[in-house]
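Residue-level structural notes
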Amino acid sequence: MTMVTATPPADIANAGRPDSRNVLLSVRDVRKVYGSREAVTRALDDVSFDICKGEFVGVMGPSGSGKSTLLNCISTIDTVTSGNIILNGLDITQLRSRQLSKFRRDDLGFIFQDANLLDTLTGFENIALALTIKGEKTDAVRAKVDRTADLLGVADVLQKYPRQMSGGQRQRVAAARAIVADPKLVLADEPTGALDSRNAAVLLETLEVLNAKLHATIMMVTHDAVAASYADRILFIKDGKLFNELRRGDSARTDFYQRILEVQAFLSGKQGDSSAVGFVASHVSALRK
Amino acid sequence: MLMKLALRNVRRSMRDYAVYFVTLTLGVAVFYAFNAIEDSRVLFEAQEGAANVFLASGASIFDILAQVMTYFSVVVAVVLGLLVLYANRFVVRARKKEFGTYLLLGMSPRQVSSVVLMETLIVGVIALVVGLGLGFLISQAIAFATAGLIGVAISDYHLLFSVRSAQLTLGCFALIFVVVALFNAVQISRCKLVSLLSANSRSERMPVHNPIVCLVVFVLSCLVLAKAYSELNIDGLVFFGEHFRIATALMLIGTLSLFWSAAGFFILLIQRLRGVYFKGLAMFTMRQIAAKVNTAFVSLWAVSTLLFLSIVVFSTGFSLASLFSDQLEENTQFDASIRASLMSLDVSEMEAVPADQYGGEEEKAAAIRESEAQRNEIHSLWQANGGSTAAYMKSLIPDWDERVTGSAQVDTWLANDLTERQLVDACGFTLAQIGSDENSSMADEGVQYVSLSQFNAARQLTGEKPIELASNEYLVDNTVDKSSEYAKALGQKGRTITVDGHELTASGQVVSQSLQVSNMSCLIAVLVVPDELAAERFAAGDLPYLSELNVNLASNSQEQAMKDLMAEYGKAVPPSEELAEMGWTYDSGAWPVSYYDTSEGIIADSMGLKLLLVYLALYIGFVFLMTTAAVLSVQQLSEIADGIPRYRLLAQLGCDRGMVLRSLRAQIGIYFVAPLLVAGCHSACTISLLYKNLLSLWGGSAAAGTLAIGIALVIAVYAIYLVSTYLVARSAVISGAGKKLLA
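Residues numbered from 1 in each chain as written. Chains lettered and ligands numbered in written order. Predicted model: local features only at pLDDT ≥ 70, side-chain atom pairs only at ≥ 80, totals over all residues. Heavy atoms only, no water.

**Section: the overall build of chain A**
Of the regular secondary structure elements, chain A holds nine helices and ten strands. Sequence-distant contacts in chain A: of pairs separated by 6 or more residues, those separated by 24 or more amount to 69%. Roughly 12600 Å² of accessible area belongs to chain A as shown, and the carbon and sulfur atoms make up 47% of that amount. (Helix = DSSP H or I, 4+ residues; strand = E, 2+ residues; numbered from the N terminus. Contact = heavy atoms within 4.5 Å. Areas by Shrake-Rupley, 256 points an atom, 1.4 Å probe, with all protein chains shown as cover.)

**Quick notes on the overall build of chain B**
From N to C terminus, chain B includes 26 helices and nine strands. Judged by the C-alpha coordinates and their principal axes, chain B covers about 100 × 60 × 55 Å. For chain B, the proportion of contacts with a sequence separation of at least 24, taken over those separated by at least 6, is 82%. Total accessible area on chain B is roughly 32300 Å²; 62% of this is exposed by carbon and sulfur atoms.

**Digging into the sheet that holds strand β9 (residues 233-238) of chain A**
Residue and element names in this part refer to chain A. With mixed pairing, six strands are arranged side by side in an open sheet as β6-β7-β8-β3-β9-β10. Of all strands in the sheet, those with a lone pairing partner are β6 (108-111) and β10 (241-247), marking the two edges. Taken over all neighbouring pairs, the strand axes of this sheet differ in orientation by 20° on average, direction set aside. As defined by bridge partners, β9 adjoins β10 across six bridges and the pair is classed as antiparallel. From the neighbouring strand, R233 faces β10, where its bridge partner is R247. Each of β6 and β7 (185-189) touches helix α2 (residues 97-107); the most contacted strand, β6, lies at about 75° to it. Packed on one face of the sheet, helix α6 (residues 197-213) meets β3 (56-60), β6 and β8 (217-221) and runs near 150° to β8. (Pairing = 2+ DSSP bridges. Axes fitted to C-alpha atoms, helices over the stretch in contact; angles between N-to-C directions.)

**Considerations on the interface of chain A and chain B**
Taken together, the contact pairs 30 residues of chain A with 32 residues of chain B. Taken together, the connections running from chain A to chain B amount to three salt bridges. The shortest N-O distance in the salt bridge between B:D656 and A:R105 comes to 3.7 Å. Counting every contact that joins chain A to chain B gives eight residue pairs in polar contact (both at pLDDT 80 or more). Secondary-structure elements contributing two or more residues to the side of chain A that touches chain B are α2, α3 (123-132) and α4 (138-152) of chain A. Residues of the side of chain A that touches chain B, tallied by class, amount to twelve nonpolar, eight polar and ten charged. (Salt bridge = Lys/Arg side-chain N within 4 Å of Asp/Glu carboxyl O. Polar contact = N/O pair within 3.5 Å; in protein donor to acceptor, adjacent residues only side chain to side chain. Nonpolar A, V, L, I, M, F, W, Y, C, P; charged D, E, K, R; others polar.)

**Focus on helix α11 (residues 282-295) of chain B**
What sets the pattern is the α-helix's 3.6 residues per turn: residues three or four places apart point alike. Residue and element names in this part refer to chain B. In this model α11 runs 20 Å from its N-terminal to its C-terminal C-alpha over 14 residues, within 8% of the 20 Å that 1.5 Å per residue would give. Extensive coverage of α11 is indicated by the burial of twelve of its 14 residues. When α11 is considered as a whole, its buried residues turn out to be M283, F284, T285, M286, R287, Q288, I289, A290, A291, K292, V293 and N294. (Expected span 1.5 Å × (residues − 1). Buried < 20%, exposed > 50% of the residue type's maximum accessible area, 1.4 Å probe, protein only.)

**Structural notes on the environment of A:D114**
Along the chain, the position of A:D114 falls in the loop between β6 and α3. As a C-alpha pair, A:D114 and A:E190 span 76 residues in sequence and 8.6 Å in three-dimensional space.

**Comments concerning unusual backbone geometry**
Residues and elements named next belong to chain B. Looking along the chain, the bond that leaves W591 and enters P592 is cis, with omega of 5°. With respect to the element layout, P592 can be found in the loop between α22 (577-581) and β9 (595-598). Positive phi, normally seen in glycine, also occurs at D500, with a value near 45°. Classification of D500 as buried rests on a relative accessible area of 13%.

**Side note on empty space enclosed by the protein**
Inspection of every chain in the model, using the stated rule, returns two cavities of 30 Å³ or more. Size it by volume and the largest cavity reaches roughly 100 Å³. Along the wall of the largest cavity there are 13 residues; nearest its centre are A:L108, A:G109, A:A130, A:R177 and B:L653. Ranked by residue count, the leading element in the lining of the largest cavity is β6(A), at three residues. Within the lining of the largest cavity, the residues separate by chemical class into eight nonpolar, two polar and three charged. (1 Å grid on protein atoms, 1.4 Å probe; cavity = no way out; pocket = protein on both sides within 12 Å on 5 of 7 lines; lining within 4 Å. Points joined across faces, edges and corners; volume = space filled by probe spheres on them.)

**Some points on the environment of B:L83**
Residue and element names in this part refer to chain B. Topologically, L83 is positioned in helix α3 (residues 61-94). A C-alpha to C-alpha distance of 62 Å links L83 and Q454, two positions 371 residues apart in sequence. For L83, the contacting residues outside a window of four places in its chain are T23, M626, T627, A630 and V631.

**What to know about the packing of aromatic side chains**
Residues and elements named next belong to chain B. This model, assessed by the stated rule, comprises 22 aromatic pairs over all chains. For the ring pair F31 and F173, a centre distance of 5.9 Å and an interplane angle of 90° mean the geometry is edge-to-face. In this pair, F31 sits in helix α2 (residues 14-35) while F173 sits in helix α6 (residues 163-189), placing the two residues 142 residues apart along the sequence. Looking at F31, the relative accessible area reads 3%, which means it is buried. The exposure class assigned to F173 is buried, which follows from its relative accessible area of 1%. Joined through ring pairs, the aromatic side chains of W382, Y392, F538 and W591 make up one cluster. (Phe/Tyr/Trp six-rings, centres within 6.5 Å; stacked < 30°, edge-to-face > 60°.)

**Looking at helix α21 (residues 558-572) of chain B**
Between its first and last C-alpha, α21(B) extends 22 Å over 15 residues, near the 21 Å set by a 1.5 Å rise per residue. Buried within α21(B) are the following residues: B:Q558, B:E559, B:A561, B:M562, B:L565, B:M566, B:E568, B:Y569 and B:G570.

**Things to note about the pattern of salt bridges**
Under the defined criterion, the tally for this structure stands at 31 salt bridges over all chains. A salt bridge links A:R31 to A:D45, with the shortest nitrogen-to-oxygen separation between them at 3.9 Å. Here A:R31, found in strand β1 (residues 23-34), pairs with A:D45, found in strand β2 (residues 41-52); they are 14 residues apart in sequence, far enough to count as distant. The partly exposed category is assigned to A:R31, whose relative accessible area is 25%. For B:R403, the salt bridge is made with B:D399, and the minimal N-O distance between the two is 3.2 Å.

**Observations concerning the pairing of strand β2 (residues 404-419) of chain B**
All names here are of chain B. With twelve of its 16 residues buried, β2 lies for the most part within the structure. Relative to strand β8 (residues 546-553), β2 runs antiparallel, the two being bridged by eight bridges. Pairing of Q409 across the sheet is with L549, part of β8. Relative to strand β3 (residues 446-451), β2 runs antiparallel, the two being bridged by three bridges. The residue bridging L414 from the neighbouring strand is Q448, located in β3.

Right, dumping it as structure tokens:
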């Protein structure tokens, strides 16, 4: 039985700081405030945590909890109101616009909810684009794309256009695009949101492989407990605050999944939102298939 | 309430309306300005030197201009109407979802239609006002341009506003609005709510052509175009026969398949170039253009064809105009030329004609007898006056000397024993090289010559020094550019030819001396020979082919003076009843006045023609150009609006502003330039042929400068649209992707 705390434990502000030498991403006291003086919305309220190299971290929370804002701030698509985000020793909240673009193309990889492939480009070109905009040597592009595509099992759809692929293939091509340039951190925003359960499982296994074999550091935002159960560690966000943290440790994925459900149920219960139960049940059956 | 919504919508979707607005404004401006030309006549007709404005027929240049402009305005109005409809269609399409929301909120289709109608009206009224203002300014500029073109100084300038043209413009565009409004209403009322709401304007259909097929088709279409060019070369734009029709068809087919296959072909090519293909956003740019070209190849084809037409109209219109005025000075060295054409009395010619054309052997014999009698009568009259037309005229018109200050008679004879063809061959030229036609009847006529004394008299009348020739020498007079090389060869010192039984040697002199008033240079290597040749022929009872009497007049008003002079002449040689009814004041069938030309009349005709050509070229060329540029622009903008998510993604992936905008520039640039390039190739071929075969006949060298002006104008108009399209697209992409992302 997982310990579910109503208030964050004292050490959660520095969650995941077992080995400070290995820290890749460090989020410190990040605050994001929307609106003017009269109507202030605190999307993020003093959030702090660390992610180590090679970790696969899930971020969960109900809609409106601020998890997407957090992702946008880390990906420099949005700016923080106060606080610091340090990636590999570089404080990205201090970067200027030109440096931000360079940061995004050099250090980050993105996987979006709806794949977000360019429909005018072939699969190969979609993946290669991540390399060419980085200024990769032209001789190396083809080999790198082919190797990544092999790894993700999309080698046979490289010459197809996105509309000629299945949803799962699209999402795996997007995953290939995200990691082909060897980014420091892969950000995944609800990557299974638009997939059926079978394709979702394939994609999540792919992410696991990336994490395990290529030692890619992945931060995945999701509200799906099944998806989250593939991660090493899960951060729960509620009302802009870091609320809880779960570590998978050596437990099996199904156990981990149960623990996630408990936290989720607790979170929902506290909100007085019972519909979340039904939502969870449907995913349990999906998992057992 | 609806009005408020409409006003707010216009403000909000300013960008959607931008191209629609620009097109409408320019259309109104051009339409007004060119229809207002007629009313600028008040600036000229009362001016010093205003004679230039009146044609030989007495009509004002502006009457003819107004007529032609009105005629072409109908065509222009139709083109503009279609263009406005096209631009409007995109405005509606881009906002389908918005209209769907109105319907969902409970507005009736009628109300939605009227909101759209009001929006169209608001934009239309603003465009009309701005366009009329712009047109007003343009029409002032045109008035000054007119002054420059016809060489009349405006001493009493005042601003002109043409009410007539403004009414015409208002009426025409009101009609276009009505059509647009109806079109919109129908389009909205016929739409199903679900399709409006789910209207994902993003293009779903994206045809991809097989690259190998593209390669083959591309090569084939290049071959087809090459064949078209060579077919065009056969007829040389002189005849519009079968070859011309084949060339036209091939050109149309070749261009269409070229655009169909171009994208696939270039992708195949670029993919082989790793250095280009794997460079930054090159792949993205290439695929974007390819997707556009593949879906819109038909309209690219139409655009390219229209561009081709407008380039040709623009540049050749200007060139022709400058040609006519360049030769003007050379061909108006006398005040007037009185002509007697005697070739119709050539009996030997008549005998060659089959009898049935006269209606039988008897009739033919009668006609020949009549001609014979007429010839003899003219010959004896001429002989009685010592071969001088002026002397005869003087005997008929008592105050001839008061009216005419000087005269020079030029008789052109055709040699009996040497044809044009023989002489050209002997000099090592072909008839085609001197601008003549192998099958022309003139080729087998005798070589033209004039007597030295008459040549020198004409020269002296223009203020030039006479030229001396030894006996048995000849010189060559040539005023046509195309035959100048031939004239040099013919006049080469020492060349010996035999004309009418006399052996003559070239003196080595080749001159360019106009011998009559005419609207076009017409002396193709005419020989100037000793007087005895003509004298012998005349003594033998022959008549020259053409006899011209060049005169200088006492009065400054040449047209009027000649009219009066001919009225005097007509007292002695009255016209037949039939001729009198047609307006003749003398018998044009009698010797020595068949008709006459004055320099004043020639200048006015030429000015009128020049104005007409320049303005038509500007008008038609500009409207075509504007149409094509606007279509390209609308296509680009709607495509880019649909593709905003792609740019947002690029920004998220880490492309900075510079990379994205470079790609955007490349896309718009290539999409604009590709049809211009194709049209440019077609035009280069067509215009070079025009030069080679037509314009050079009248002196092509001067036209090169005006050709450049025409091309510069085309590029300028095109560039305006390209730049404004880029600017609108740029702001759409930057704001669409989020300012933070593309800061």
